[in-house]
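Close look at the chain arrangement
Residue strings, one per chain:
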Amino acid sequence: MTQPERQPTILDALPKAELHLHLEGSIRPETAVELAARHGTKITVEEVTARYSYSNFAGFIESFKWVTSFLRDPEDYALIARKLLEELVRQNVVYAEITISAGVMLRRMQNVEANFTAIRETSEGVLFRRIRTAWIFDAARQFGPEAAMEVARWASKLHRSGIVAFGMGGDELSFPAVNFRPSFDLARSEGLRIVCHAGEVGGPEAVREAVDILGAERIGHGIAVMHDPALAESLATRRIVLENCPSSNLATGALAKQIGKADASLADHPLAKLLDRGSLVTLSTDDPAMFATDLLTEYSRAASLGLSKEQLLQLAEQSFNAAFLPPIEKRQFLDDFRGAAKSAGLL
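Just so it is clear, the model here is predicted, and its values are computed rather than measured.

1. Quick look at the nonpolar core
When a protein is soluble and globular, its nonpolar side chains tend to lie buried together. In this structure, Leu23, Leu88, Tyr95, Ile98, Phe137, Ile219 and Leu315 are the most contacted members of the largest nonpolar core, which totals 113 residues. Counting residues per element, this core draws most heavily on helix α4 (residues 74-90), at eight residues. The contact partners of Leu315, leaving out residues within four places of it in the chain, are Leu271, Leu275, Val281, Thr282, Leu283, Tyr299, Ala302 and Leu307.

2. Focus: unusual backbone geometry
The residue Met109 is not glycine, and still its phi comes out positive at about 55 degrees. On the secondary structure map, Met109 appears in the loop between α5 (102-107) and α6 (112-123). The exposure class assigned to Met109 is exposed, which follows from its relative accessible area of 76%. Phi at Arg239 takes a positive value of approximately 60 degrees, unusual for a residue other than glycine. If you trace the backbone, Arg239 turns up in the loop between α10 (229-237) and β7 (241-244).

3. Focus: the packing of aromatic side chains
As enumerated under the stated definition, the model contains 13 aromatic pairs in all. Note on Phe60 and Phe64: the rings are 6.1 Å apart at their centroids and 55 degrees apart in plane angle, and the pair reads as tilted. Of the two residues, Phe60 and Phe64 both sit in helix α3 (residues 57-68), four residues apart, roughly one turn of that helix. Residue Phe60 is classed as buried on the basis of its relative accessible area of 6%. Three or more aromatic residues link up through ring pairs in this structure, and these residues are Tyr54, Phe57, Phe60, Phe64 and Phe291. Stacked on the ring of Phe143, the Lys or Arg Arg107 has its end atom at 4.1 Å from the ring centre.

4. Observations concerning the pairing of strand β6 (residues 218-221)
Note that strand β5 (residues 193-198) and β6 share four bridges and pair parallel. For Ala198, the partnering residue across the bridge sits in β6 and is His221. Handedness of the β-α-β unit built from β5, helix α9 (residues 204-212) and β6 comes out right-handed. As defined by bridge partners, β6 adjoins β7 across three bridges and the pair is classed as parallel. Bridge pairing links Arg218 to Val241 in β7.

5. Thoughts on the side chain of Asp286
Take Asp286: it is sitting in the loop between β8 (280-283) and α14 (295-304). Although Asp286 lies buried, it forms no salt bridge, and the closest oppositely charged side chain, Arg218, sits 11 Å away as judged by the N-O distance. At a separation of 3.3 Å, a polar atom in the side chain of Asp286 contacts the side chain of His221. There is a polar contact of 2.7 Å between the side chain of Asp286 and the side chain of Ser248. Excluding anything up to four places from it in sequence, Asp286 contacts Glu18, His20, Leu21, His22, Glu200, His221, Cys245, Ser248 and Phe291.

6. Let's talk about α10
What α10 keeps buried is the set Leu231, Ala232, Leu235 and Ala236. Seen end-on, α10 carries its buried residues on one side only, within an arc spanning 135 degrees. Exposed side of α10, more than 90 degrees from the buried face: Pro229, Ala230, Glu233 and Thr237 are the residues found there. Contacts made by the buried residues of α10 are with α9, β7 and β8. Just downstream of α10 lies Arg239, where phi reads positive at about 60 degrees.

Conventions adopted
Residues numbered from 1 in each chain as written. Predicted model: local features only at pLDDT ≥ 70, side-chain atom pairs only at ≥ 80, totals over all residues. Heavy atoms only, no water. Core = buried A, V, L, I, M, F, W, Y, C linked by side-chain atoms within 4.5 Å. Buried < 20%, exposed > 50% of the residue type's maximum accessible area, 1.4 Å probe, protein only. Helix = DSSP H or I, 4+ residues; strand = E, 2+ residues; numbered from the N terminus. Contact = heavy atoms within 4.5 Å. Phe/Tyr/Trp six-rings, centres within 6.5 Å; stacked < 30°, edge-to-face > 60°. Lys NZ or Arg CZ within 6 Å of the ring centre and 35° of its normal. Pairing = 2+ DSSP bridges. Right-handed = clockwise from strand over helix to strand, strands pointing away. Lys, Arg positive; Asp, Glu negative; His and termini not counted. Salt bridge = Lys/Arg side-chain N within 4 Å of Asp/Glu carboxyl O. Polar contact = N/O pair within 3.5 Å; in protein donor to acceptor, adjacent residues only side chain to side chain. Arc of directions from axis to C-beta.

Structure (structure tokens):
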């Protein structure tokens, strides 16, 4: 799919990190056509593009289910991993934490370990030496607590193979957070970091529960925090990071739902206000192919909201600060980022 026209930003040439990025949501229409053909199904780029258009979050979930139905064996996962990593390298992304929908694999009775091995081995190939990757296993909330526990077990089993965190996405309105506490407790006890989608279509209370009940260290989206200044202040004090994905929030209708405005636009997104209030925010694409975006485009759209040069640099640096990396390695990435910014005359 051709990327929409965008204005270049000061971040284009700098090394970047991305922390909220779903592997399965990176399947561009051309790749979906290739995957379907592998399994005897003929579809067109136009059909996929039409599927990647939604009026609400439920429509997005249905399209996600449809496109992931063409992922059936380790070779398929290796293909989409390679395609995504090629895109990230092109954008000068040097570190990425990529979420894998292990809950979907299990529901479809696939071999999670074999799929992950194919993904990891692809990322370790000589073509991708310029990018460091880590992986997050994600449970789909709507599949229920028992399914989430199975994902947590697999994440724990594969922790030493590159899984750094356990998280939960999907329909945040489907089950109460407390039902998933055992899964998150297990993952934490095994040394995994904790993330959770919340406050995307749910309210501020969903964010509060993700942090207080599930122990989330980073919140996927979290745009509902705009409605609760006291919560925003508390999260900032506790160093809880909000992973903002503006294009996603527009495409899924999440932003429209939050503000009660059917024709919500980018100008309505709370990113700039959250930064002004002192929230710790990162910028990501979420499901880039499904929202016709990439990280460079997200920074361009953030700049169009009136963010200053200092705020854009802060936003990019926060993605390294919030990464689940050992302190020494994190410091090296930060030093490289600041060195590049200084060389470009930005610091």
